[in-house]
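Here's the letter readout for the chains.
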Amino acid sequence: MPRTLLMLATFGLEIVEVGGTLAKHVAAGDTVHAAVTLARPESRAGIEAAARVLGVQSVRFLDFTAGEVSLDLPSKITLVSLFRELHPDILITQEPEHSYQDLDPDRRVAMLLYLEAAAIAGRSWRQEECGGHPPHLIPSVYFMTPLHPNCVVEIGSTFALKQQAMNVLESQMRFTAQMLRSRLDAGALQHIVPNGEVGGDDLELGRALHLEMNKADALSHGLLSHSGATLAEAFRHMNPFRLEALL
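Worth saying up front: this structure is predicted, and the values here are computed from it rather than measured. (Residues numbered from 1 in each chain as written. Predicted model: local features only at pLDDT ≥ 70, side-chain atom pairs only at ≥ 80, totals over all residues. Heavy atoms only, no water.)

A. Highlighting the overall build of the chain. Counting secondary structure elements, the chain contains ten helices and seven strands. Compactness check: the chain gives a C-alpha radius of gyration of 18 Å against a globular reference of 18 Å for 247 residues, within 12% of the reference. With the C-alpha coordinates of the chain rotated into their principal frame, the extents come out at 60 × 45 × 30 Å. For the chain, buried positions account for 46% of its 247 residues. Sequence-distant contacts, at least 24 apart, represent 77% of the contacts inside the chain between residues at least 6 apart. In the form shown here, the chain has an accessible surface area of approximately 12300 Å², with 55% of it arising from carbon and sulfur atoms. Separation between the mean location of the 20 positive side-chain charges and that of the 29 negative ones in the chain comes to 3 Å. (Helix = DSSP H or I, 4+ residues; strand = E, 2+ residues; numbered from the N terminus. Rg over C-alpha atoms; globule rule 2.2 N^0.38 Å. Buried < 20%, exposed > 50% of the residue type's maximum accessible area, 1.4 Å probe, protein only. Contact = heavy atoms within 4.5 Å. Areas by Shrake-Rupley, 256 points an atom, 1.4 Å probe, with all protein chains shown as cover. Lys, Arg positive; Asp, Glu negative; His and termini not counted. Charge placed at Lys NZ, Arg CZ, Asp CG, Glu CD.)

Have a look at this one:
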């Protein structure tokens with residue numbers, strides 16, 4: 001039976017970071033939506049284009065304000081309305097433990113807000129203020145890029161599509177190149193990108209860096225692990241899996 005997935009991103013890049021998994025669900029006939037709480041105006045066209053590459057059916061920008069994400073009533077209403085309207089069977093979002101150590105602004109508070117809203121969405125709470133939709137308890141929540149994964153998704157068949165979507169995020173590619181140029185010496189960068197070409201355009205350097213980082217991450221959770229996968233994206237399911245029998 002087709003399912004509905006919601007990828008709830010904080011900045012937008014997260015959509016592509018789990019793009020291999022999203023593309024597999026699209027190919028299987030599932031409906032995939034994305035929502036972004038914080039996205040700079042100049043990044044939005046790229047996020048939408050990347051989502052189209054992956055087959056994501058819709059992207060919503062929730063227009064939260066950077067540096068001001070909070071557990072206030074309007075924020076909860078925005079997310080509860082979204083969850084009840086889209087009625088997702090699966091929610092993918094950032095990993096709580098990872099978010100605590102992330103120095104990007106708002107990630108820690110955003111994680112509390114996401115889970116609080118997911119809990120409230122399943123209860124009888126402010127139904128009219130939340131669009132009139134009935135309560136919806138999301139059956140399955142997966143945390144992306146976890147420090148301690150408990151499952152992986154094989155993305156060998158969709159890795160190229162994921163990279164194609166990544167390349168569309170031009171502002172993110174330039175930002176990554178500029179950030180790593182400032183943090184790493186040129187010698188270190190030369191060991192990461194093919195042929196050691198690090199002196200050129202920021203866009204092309206960013207694309208080359210993300211390709212190598214994506215491959216390294218996928219291999220670490222695939223071929224270089226004991227998962228049985230080749231190229232994989234890692235997740236942590238929020239609750240224990242229920243099995244009728246051992247796999």
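Next comes the rest of the write-up.
B. Examining the environment of Thr-158 more closely. Inspection of the secondary structure puts Thr-158 in the loop between strand S6 (151-154) and helix H7 (159-168). Spatially, the C-alpha atoms of Thr-158 and Leu-54 are 8.9 Å apart, while their sequence positions differ by 104 residues. Setting aside residues up to four positions removed in sequence, Thr-158 forms contacts with Gly-20, Ala-23 and Lys-24.

C. Just the packing of aromatic side chains, in detail. Using the criterion set out here, one finds one aromatic pair in the structure. For the ring pair Tyr-142 and Phe-235, a centre distance of 6.2 Å and an interplane angle of 80° mean the geometry is edge-to-face. Of this pair, Tyr-142 sits in strand S5 (residues 140-144) while Phe-235 sits in strand S7 (residues 232-237), and the two are 93 residues apart along the sequence. For the pair Tyr-142 and Phe-235, a shared accessibility class is recorded, and that class is buried. (Phe/Tyr/Trp six-rings, centres within 6.5 Å; stacked < 30°, edge-to-face > 60°.)

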